Amino acid sequence: QVQPVESGGGLVQPGDSLRLSCQVSVRAASGYSVGWFRQAPGKEREFVAALFRSGGHTYYADAVKGRFTISRDNAKNTVYLQMNSLKPEDTAVYYCATTRTVLSSIRRASEYGNWGQGTQVTVSS
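Conventions adopted
Residues numbered from 1 in each chain as written. Predicted model: local features only at pLDDT ≥ 70, side-chain atom pairs only at ≥ 80, totals over all residues. Heavy atoms only, no water. Pairing = 2+ DSSP bridges. Helix = DSSP H or I, 4+ residues; strand = E, 2+ residues; numbered from the N terminus. Axes fitted to C-alpha atoms, helices over the stretch in contact; angles between N-to-C directions. Core = buried A, V, L, I, M, F, W, Y, C linked by side-chain atoms within 4.5 Å. Buried < 20%, exposed > 50% of the residue type's maximum accessible area, 1.4 Å probe, protein only. Contact = heavy atoms within 4.5 Å. Polar contact = N/O pair within 3.5 Å; in protein donor to acceptor, adjacent residues only side chain to side chain. pLDDT = per-residue confidence, 0-100. Disulfide = S-S within 2.5 Å.

With that out of the way, let us pick up the sheet that holds strand 8 (residues 78-83). Pairing in this open sheet of four strands is antiparallel, and the strands run 1-3-8-7 from one edge to the other. Each edge of the open sheet is held by one strand with a lone partner, namely strand 1 (5-7) and strand 7 (68-73). Ignoring strand direction, the axes of neighbouring strands in this sheet form an average angle of 20 degrees.

Formed by 35 residues in total, the largest nonpolar core has its most connected members in Trp36, Val48, Phe68, Ile70, Leu81, Met83 and Tyr94. At the level of elements, strand 3 (18-23), strand 4 (33-39), strand 5 (46-52), strand 6 (57-60), strand 7, strand 8, strand 9 (92-99) and strand 11 (119-123) are the ones that each hand at least two residues to this core. Of the residues forming this core, the biggest block, six residues, is contributed by strand 5. Apart from residues no more than four positions distant in its own chain, Ile70 is found in contact with Val34, Trp36, Ala49, Ala50, Leu51, Thr58, Tyr60, Val79, Tyr80 and Leu81.

This paragraph deals with the environment of Cys96. By secondary structure assignment, the location of Cys96 is in strand 9. With relative accessibility at 0%, the residue Cys96 sits in the buried group. In the structure, Cys96 is positioned 60 residues away from Trp36 in sequence and 4.4 Å away in space, judged by C-alpha atoms. Excluding residues that lie within four positions of it along the chain, Cys96 makes contacts with Pro4, Glu6, Cys22, Gly35, Trp36, Asn114, Trp115 and Gly116.

To continue, consider the environment of Thr101. Along the polypeptide, Thr101 turns up in the loop between strand 9 and strand 10 (114-115). Relative accessible area serves as the criterion here: at 8%, Thr101 is assigned to the buried category. C-alpha separation for the pair Thr101 and Arg72, spaced 29 residues apart in sequence, amounts to 18 Å. Each residue touching Thr101, except ones within four places of it in the same chain, is listed here: Phe52, Arg53, Ile106 and Glu111.

The next point concerns the environment of Arg45. Examined against the element boundaries, Arg45 turns out to sit in the loop between strand 4 and strand 5. Assessed through its relative accessible area of 30%, Arg45 is described here as partly exposed. In the structure, Arg45 is positioned 50 residues away from Tyr95 in sequence and 9.1 Å away in space, judged by C-alpha atoms. At 3.4 Å, the side chain of Arg45 and the side chain of Gln39 are in polar contact.

Here we take up the confidence of the model for the protein. Here the protein averages 93 in pLDDT, while 96% of its residues score no lower than 70. Taking the mean pLDDT of every element in the protein, the minimum, 90, falls on strand 10 and the maximum, 98, on strand 11.

Applying the stated criterion to the full structure yields one disulfide. Here Cys22 is linked by a disulfide to Cys96, with a sulfur-sulfur distance of 1.9 Å. Note on the Cys22 and Cys96 pair: the S-S dihedral is about 65 degrees, so by sign convention the disulfide is right-handed. One end of the pair, Cys22, is in strand 3; the other, Cys96, is in strand 9, with 74 residues separating them in the sequence. The same class applies to Cys22 and to Cys96, which are both buried.

Here it is, written out as structure tokens:
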């Protein structure tokens, strides 16, 4: 696999929106799931959202449920993370990664073996 490539981060104000993109090298029908994680300074990497294999089922962390949406453009092999109503606590480096793990482990960072370099999201007034 080729390393995923994230883009779309930036500096925004509370309440603003951003859309992150993750270019992946795996096709939707290949059995891979794609996840978004984030890591704030001094904190562990945490699960944000995931798109499970080719079925389109989505999963979210409680902290972002209702504000963030993960989606995929199969023609472009790109996974998006639409982030609305951003809060200062959303500030972190956001990473996307791929995995072939089972559904019950989809939130575990240790199950993902191919990570991008990350993109910085800063929410500040």
